Amino acid sequence: LFGQEAKAKGPFVPKYEDYQKVYDAVAKKLQDEDDYDDGSYGPVLLRLAWHASGTYDAETGTGGSNGATMRFAPEGDHGANAGLKAARDFLEPIKEQFPWISYSDLWILSGICAIQEMQGPKIPFRPGRTDRDVSFCTPDGRLPDASKDRKHIRAIFGRMGFDDREMVALSGAHALGRCHTDRSGYDGPWTFSPTTLTNDYYKLLLEEKWQWKKWNGPKQYEDVKTKSLMMLPTDMEIVKDKTFRKHAERYAKDNDVFFKEFADAVLKLFELGVPFTVSEDQRWTFKSSFD
Ligand code: ZEM
């Protein structure tokens, strides 16, 4: 009887409305829990989605957001992922409320929600990521090391399949959030509005004077004027390298251009290595809480 009932009802196939409900739940939780960091879990949620995706290796097709393998110790404990437990724990009640969504789709949907709720551009989404076991964890060292130079940036993002323009566009995410001494060892935010996505990262890089911060921590820059903002060595490469700089100047000049190229690059990042059954023209765009 049970089997017949299940057959008659069929399996639950979630639709756009169901994913929008998940989006709304994440957005509400972002608004409710405003006593974290600079007032939002948004930046760390975006960082989770990026680190889930940024392990992709185009040559072997391994890594990427499919699998959510950061749930497991080897990958969760990689130095680059320090602090991301805060984001994973934030999402646990959402996963309990919507058990049909995979962790891997949930992490990416939440990264999209974070961008949109922090007044960034719309990022289209399609489901299709499935959770995989510990054997799919990627080796350590696939994510960028902030102490390195342009060669490293190009090697890491080139491995994922990105060009110079996309690398610079993605870096604009550092308008958001901050560095934590107990996570990466670095300290401070990049901009004065770390919970609102703007092109300020490029403006500040180009317009402010930067100097090495004098402290016991890892080598990082501080702005001469207020000493309250920071840049990583990799951030500074964006204005030191001629090709990178050309794009930074375009984004500093025009926020719409930044939003367009950022959205395209993030969409690509979040879909790396995912074996979708849904075609590209069937992506959904979620309504934001302020639409
Ligand atoms: Zn980040 N990032 N990132 N990044 N990142 C940090 C924080 C955040 C690099 C990096 O080493 C660091 C991209 C690219 C690169 C975000 C998004 C994106 C931190 C601070 C470091 C050290 C971590 C901490 O201490 O909490 C390097 C070297 C990068 C490329 C060269 C890309 C691409 C991103 C998204 C598209 C975000 C949102 C944060 C802020 C997290 C938070 O908790 O506030």
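Residues numbered from 1 in each chain as written. Predicted model: local features only at pLDDT ≥ 70, side-chain atom pairs only at ≥ 80, totals over all residues. Heavy atoms only, no water.

### A few points about the coordination of the zinc atom of the ligand
So, step 1. What the protein offers the zinc atom of the ligand as a donor is a single atom, H174 (NE2), at 2.2 Å.
So, step 2. By the secondary structure assignment, H174 is in the loop between α8 (164-171) and β1 (178-179). (Donors = N, O, S within 2.8 Å, 3.2 Å for Na, K, Ca; no water. Helix = DSSP H or I, 4+ residues; strand = E, 2+ residues; numbered from the N terminus.)

### Considering the domain arrangement of the protein chain
So, step 1. Taken domain by domain, the protein chain comprises domain 1 (13-142 + 266-280) and domain 2 (150-264).
So, step 2. When each unit is reduced to the centre of its C-alpha atoms, the spacing between domain 1 and domain 2 is 22 Å.
So, step 3. Between domain 1 and domain 2, the residue contacts involve 30 residues of the former and 22 residues of the latter.
So, step 4. Summed over both partners, the interface of domain 1 with domain 2 comes to about 2,200 Å²; 61% of that surface belongs to carbon and sulfur atoms. (Domains from an automatic or database assignment. Contact = heavy atoms within 4.5 Å. Buried area = accessible area lost by both parts, 1.4 Å probe.)

### Some thoughts on the packing of helix α5 (residues 85-97) against helix α6 (residues 103-117)
A pair of packed helices is captured by two measures, namely the crossing angle of their axes and the spacing between those axes.
So, step 1. At their nearest, the axes of α5 and α6 sit 11 Å apart, and the two run at 115 degrees to each other. Comparing their axes, α6 and α5 come out roughly perpendicular. The interaxial crossing formed by α5 with α6 has right-handed handedness. Touching R88, L91, E92, I94 and K95 of α5 are Y103, L106, W107 and S110, all from α6.
So, step 2. Split into classes, the residues belonging to the contact of α5 with α6 amount to 5 nonpolar, 1 polar and 3 charged. (Axes fitted to C-alpha atoms, helices over the stretch in contact; angles between N-to-C directions. Parallel < 35°, antiparallel > 145°, perpendicular 65-115°, else oblique. Left-handed = near helix turned anticlockwise from the far one by under 90°. Nonpolar A, V, L, I, M, F, W, Y, C, P; charged D, E, K, R; others polar.)

### Some thoughts on the sheet that holds strand β3 (residues 210-212)
So, step 1. On the basis of which strands lie adjacent, the open sheet formed by 3 strands has the order β3-β4-β5 and antiparallel pairing. Edge positions in the sheet fall to β3 and β5 (230-231), since each has one partner strand and no second.
So, step 2. Judged from the 3 bridges that link them, β3 and strand β4 (residues 221-223) form a sheet pairing that is antiparallel. Looking across to β4, one finds that Q211 is bridged to E222. (Pairing = 2+ DSSP bridges.)

### A word on the environment of E237
So, step 1. Tracing the sequence through the fold places E237 in helix α10 (residues 233-240).
So, step 2. Here E237 falls in the buried class, since its relative accessible area comes to 8%.
So, step 3. Between the C-alpha atom of E237 and that of D149, which follows or precedes it by 88 residues, the distance is 6.5 Å.
So, step 4. Filtering out sequence-adjacent residues up to four positions away, E237 remains in contact with K148, D149, R150, I153 and F244.
So, step 5. Polar contacts involving the side chain of E237 include one to the side chain of R150, which spans 2.8 Å. (Buried < 20%, exposed > 50% of the residue type's maximum accessible area, 1.4 Å probe, protein only. Polar contact = N/O pair within 3.5 Å; in protein donor to acceptor, adjacent residues only side chain to side chain.)

### Brief notes about the site of the ligand
So, step 1. The full set close to the ligand counts 22 residues, and H174, G177, R178, H180 and S184 are the nearest of them.
So, step 2. With respect to the ligand, the backbone of R178 contributes an N or O atom lying 2.9 Å from an oxygen atom.
So, step 3. For the shell around the ligand, the secondary-structure elements that each account for two or more residues are α3 (42-53) and β1.
So, step 4. With 5 residues, α3 is the largest single contributor of residues to the shell around the ligand. (Near = heavy atom within 4 Å.)

### Observations concerning the pattern of salt bridges
So, step 1. If you walk through the whole model with that rule in mind, you get 19 salt bridges.
So, step 2. Through salt bridges that share partners, R150, R154, D164, E237 and D241 make up one connected network. (Salt bridge = Lys/Arg side-chain N within 4 Å of Asp/Glu carboxyl O.)

### Structural notes on the packing of aromatic side chains
So, step 1. Scanning the entire structure with this criterion turns up 20 aromatic pairs.
So, step 2. Considering the side-chain rings of W212 and Y221, the 4.1 Å spacing of their centres and the 20 degrees angle between planes classify their relative orientation as stacked.
So, step 3. Judged by its relative accessible area of 8%, Y221 falls in the buried class.
So, step 4. A cation over a ring is seen here: R154 above F244, with NZ or CZ 4.1 Å from the ring centre.
So, step 5. Over the face of the ring belonging to W212 we find K219, whose NZ or CZ atom lies 4.5 Å from the ring centre. (Phe/Tyr/Trp six-rings, centres within 6.5 Å; stacked < 30°, edge-to-face > 60°. Lys NZ or Arg CZ within 6 Å of the ring centre and 35° of its normal.)

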